[in-house]
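# Architecture and fold: a report
Here is how the chains run, residue by residue.
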Amino acid sequence: MNTETLLIEIGTEELPPKDLKTLGLALRDGLLKGLADRDLTRGEARWFATPRRLAVLVEDVAEAAPARQLELLGPPADRARDAQGAWTPAAAGFARKQGVDPDDLELIDTPKGQRLGLRREEPGARTADCVGAIVDEAVAGLPVSKRMRWGAHRFEFVRPVHWVMALFGEAVLPCEVFGIAAGNRTRGHRFHADRELTLARPEDYERTLAEARVVADFERRRGMIREQVLVEASALGAEAVIDEDLLDEVTGLVEWPVALTGAFDKRFLAVPPEALVSAMKEHQKYFHVVDDAGELLPHFITVANIESRDPAQVIAGNERVIRPRLADAAFFYEQDRQATLASRVEALKSVVFQKDLGTLWDKTSRVQCLIRELADAIGAPADDGERAAHLAKADLTTELVLEFGDLQGIAGAYYARHDGEAPTVAEALQQQYWPRFAGDRLPEGPVATALALADRLDTLVGIFGIGQPPTGSRDPFALRRAALAVLRILVEKGLDLDLREALALAAAQFPAGTLADDAVEQTLGYSIERFRAWFEDEGIATGSFRAVTALGPTRPLDIHRRVHAVHAFSEMPEAEALAAANKRVANILAKAGENDTAAAVDPARFTEPAEGALWDALREAGAASAAQLAEGAYREALAALATLREPVDRFFDEVMVNAEDPALRGNRLALLHVLRQHFLAVADISLLEPR
């Protein structure tokens, strides 16, 4: 089978840097899917992405897919000819549809009997013929939130497309993408080598672009930037703080990275370092540097897209740009401190939280009441908690936060310390938003923990209560993240709160009639469901989660412990048989009804040795399990019940549960009821899936 290397490149105007990596990977995956859908075999694939291009190179792509043997079935054999032996209309119509004479058809054996049919060989897809369609499909599937049009065309893409390259070995493939005929030409760096570059073969792609000052490989360029930034920081005797998201974004901004070090006035170090970092990172895409103690230094590292003959001019330009941003931060910080944080709370009356739920002042009042209710359970001083809740949103009215939105909470903590608020209150203001994202740190102190929980509980039950739960594409109040944060705080900090009760307390703070009657239950169900993905990420099967939640537990810490215990139980050799037995028992008891299972077990009614053996084992294992349950040791409790496998198997082998004698049948059902209840003390293991 002949193979060649395939290269596809789409040349554009500057692509969104934050999306570049995602787009590059998605284009690769889309092209590979298109090849696979057409049975075109391939070798290794590489993706490339720079601000001006997306490209994929695939080695050893087959020139054509293998021919396919098709078996086309027509009418049943007994309906193919009439009584005179002539072809029936059904047979003739089938032949006509296939473009053959009826005499060319044959009888084909099928599981449902013989049918008239046709066997033919269909040639496989040819790469040269279908690459255009494959590229169109891949481009259509790119995760682009907003597409644009350009020129007089009606084509839509994330940015205007200027050239397309499609090479298969030495051949240019005859296809059009966005109305542009594919060729064998790409372009070099916009400033260093802004000219067309002709490629003889796909294998020349990376080398040709490198000679034209373009590092096409995203990951290689990313590694170069990291290395250069570390070298620049080392020259300062400092440590560069490299945020991975920022590194991706900067990689998406440059084709030929050159790291340069600049400086700013030391007087700006009097401003909270988070504000300076925000100005450098969010606005200018600079990497900041710190000393051995982690203190911010008056330097930054920028990554240019050109290799200048006079780098000092480039550095000076960046220093001129960052100076006003830092000056703004210093000015806002000084101005904000002229008023206390407490004096700003009144201004929250004019800031809408949600039109049906009131202002941020209303939310503040609700959270103040809620945190006092939760304080004892969390171990937080109620007065400090209430004070923290009172001040929690005040910094949203400050100039610093209005300019640097990512400083909410952080700015409040600085202003609270300046105002002489209690250290625990200032700490809570900063940590109320923790965790901000998956894997982020949790609030540390009890006051911060109480505030973080109360704020999220209020948001969750409020938004659900007015009928605005998240949808697949919309979650404007970040309810998914809020629910998961609540679970993480309760589980990882070992807080055994009843989530239903906590949500009910939160709902009680809203004016009567504001929330739907089922707001608490809706919010509870949604929040507990967030555990499903959590446990899947830990490699725990969904069955373990379902087995626990079938009991309707509402304490996240308890749910977490139970699920892990059930997962450990599911790994035991006895688990599958006991799960099957529990399912059988559940079905038997459901059919019998409550009246037949409510009676106590009477050992005097046992007529089979297996009944007594199971009863003795149940009393022994049940006592051991109950002792473990009293300590909250679910794993050990299930391990004790695992010893019941043999007597349970024997019982079902030797005993007929539905005996004709009602008293005998009732006693056996009562025995199975006891068995079932022992397991249900932890989970419904009948829902475990076979391994």
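Our structure's up above, just so we're on the same page.
Moving on, we get to the overall build of the protein. When helices and strands are counted, the protein shows 24 helices and 18 strands. What you see for the protein is a C-alpha radius of gyration of 35 Å, clearly larger than the 26 Å of a compact globule of 691 residues, by over 25%. Seen through its principal axes, the protein has C-alpha atoms that stretch 100 × 95 × 50 Å. Across the 691 residues in the protein, those meeting the buried criterion constitute 49%.

Turning our eyes to something else, we now look at the sheet that holds strand β5 (residues 106–110). What the three strands build is an open sheet, ordered β4-β6-β5; its pairing is antiparallel. Looking at which strands have only one partner, the edges of the open sheet turn out to be β4 (68–76) and β5. Between one strand axis and the next, the sheet turns by 50° as a mean value, whatever way the strands run. Running at roughly 155° to β4, helix α2 (residues 89–98) makes contact with β4 and β6 (113–122) of the sheet.

Moving on, we come to the side chain of threonine 398. In this structure, threonine 398 sits in the loop between α10 (382–391) and α11 (399–403). Judged by its relative accessible area of 0%, threonine 398 is buried. Contacts of threonine 398, omitting those with residues within four sequence positions, involve Asp336, Arg344 and Tyr415.

Bringing helix α13 (residues 423–431) into the picture now. Since the α-helix advances by 3.6 residues per turn, residues separated by three or four positions end up pointing in the same direction. Listing the buried residues of α13 in full gives Val425, Ala426, Ala428, Leu429, Gln430 and Gln431. At its buried positions, α13 is contacted by α7 (273–284), α10, α12 (410–419) and α14 (446–465).

Moving on to the pattern of salt bridges. A complete count under the given rule lists 52 salt bridges for this structure. In this structure, arginine 201 engages glutamate 170 in a salt bridge whose closest nitrogen and oxygen atoms are separated by 3.9 Å. In this pair, arginine 201 is assigned in the loop between β12 (196–198) and α4 (205–211) and glutamate 170 in the loop between β7 (161–168) and β8 (171–172), connecting sequence segments 31 residues apart. In this structure arginine 201 comes out as partly exposed when scored by relative accessible area, which is 24%. Residue arginine 387 is joined to glutamate 421 by a salt bridge in which the shortest nitrogen-to-oxygen separation is 2.7 Å. Remark: glutamate 421 occurs in the loop between α12 and α13 and arginine 387 occurs in helix α10; sequence separation between them is 34 residues. A residue is classified by how much of its surface remains accessible, and arginine 387, at 30% relative accessible area, is partly exposed. Given a relative accessible area of 17%, glutamate 421 falls into the buried group.

Ranked by internal contacts, the top residues of the largest apolar core, which has 130 residues, are Leu400, Leu457, Phe569, Leu644, Phe652, Leu672 and Phe679. Among the elements that line this core, the one with the most residues is α14, at twelve residues. Setting aside its immediate chain neighbours within four residues, leucine 644 contacts Leu578, Ala617, Leu618, Ala621, Leu675 and Phe679. With 40 residues, the next largest nonpolar core counts Leu20, Ala26, Leu54 and Val144 among its residues.

If you trace the backbone, threonine 88 turns up in the loop between β4 and α2. A residue is classified by how much of its surface remains accessible, and threonine 88, at 11% relative accessible area, is buried. Residues in contact with threonine 88, not counting those within four places in the same chain, are Arg79, Ala80, Arg81 and Asp82.

On to the environment of valine 158, then. Structurally, valine 158 is set in the loop between α3 (127–140) and β7. Residue classification places valine 158 among the buried residues on the basis of a relative accessible area of 6%. Sequence-wise, valine 158 and leucine 15 are 143 residues apart; in three dimensions their C-alpha atoms are separated by 7.3 Å. Once residues lying within four places of it in the same chain are set aside, the contact partners of valine 158 are Leu15, Pro16, Leu23, Val144, Lys146 and Met148.

On to the sheet that holds strand β2 (residues 45–50). With antiparallel pairing, five strands are arranged side by side in an open sheet as β2-β3-β1-β7-β8. Strand pairing shows two members of the sheet lacking a second neighbour, β2 and β8, which therefore form its edges. Pairing geometry for strand β1 (residues 3–12) and strand β3 (residues 53–62), over eight bridges, is antiparallel. In the strand pairing of β3, glycine 11 is matched with arginine 53. Sitting on the sheet, α3 touches β1, β3 and β7, and the angle it makes with β1 is about 40°.

Examined against the element boundaries, valine 172 turns out to sit in strand β8. Valine 172 sits in the partly exposed class, given a relative accessible area of 37%. Along the backbone, valine 172 and leucine 370 are 198 residues apart, and their C-alpha atoms lie at a distance of 68 Å. Not counting residues up to four positions away in its chain, the partners in contact with valine 172 are Ala166, Leu167, Ala182, Gly183 and Asn184.

What follows concerns the packing of helix α21 (residues 609–630) against helix α24 (residues 662–680). In contact at an axis separation of 11 Å, α21 and α24 are set at 30° when each is read in the N-to-C sense. What the angle tells us is that α21 and α24 run roughly parallel. Crossing of α21 over α24 shows left-handed handedness. Only Arg668, Leu671, Val674, Leu675 and His678 of α24 make contact with α21, whose side of the interface consists of Glu611, Leu614, Trp615, Leu618 and Gly622. Here the contact of α21 with α24 is composed, by residue class, of six nonpolar, two polar and two charged.

Here is what the cut-offs are and how they apply
Residues numbered from 1 in each chain as written. Predicted model: local features only at pLDDT ≥ 70, side-chain atom pairs only at ≥ 80, totals over all residues. Heavy atoms only, no water. Helix = DSSP H or I, 4+ residues; strand = E, 2+ residues; numbered from the N terminus. Rg over C-alpha atoms; globule rule 2.2 N^0.38 Å. Buried < 20%, exposed > 50% of the residue type's maximum accessible area, 1.4 Å probe, protein only. Pairing = 2+ DSSP bridges. Axes fitted to C-alpha atoms, helices over the stretch in contact; angles between N-to-C directions. Contact = heavy atoms within 4.5 Å. Salt bridge = Lys/Arg side-chain N within 4 Å of Asp/Glu carboxyl O. Core = buried A, V, L, I, M, F, W, Y, C linked by side-chain atoms within 4.5 Å. Parallel < 35°, antiparallel > 145°, perpendicular 65-115°, else oblique. Left-handed = near helix turned anticlockwise from the far one by under 90°. Nonpolar A, V, L, I, M, F, W, Y, C, P; charged D, E, K, R; others polar.

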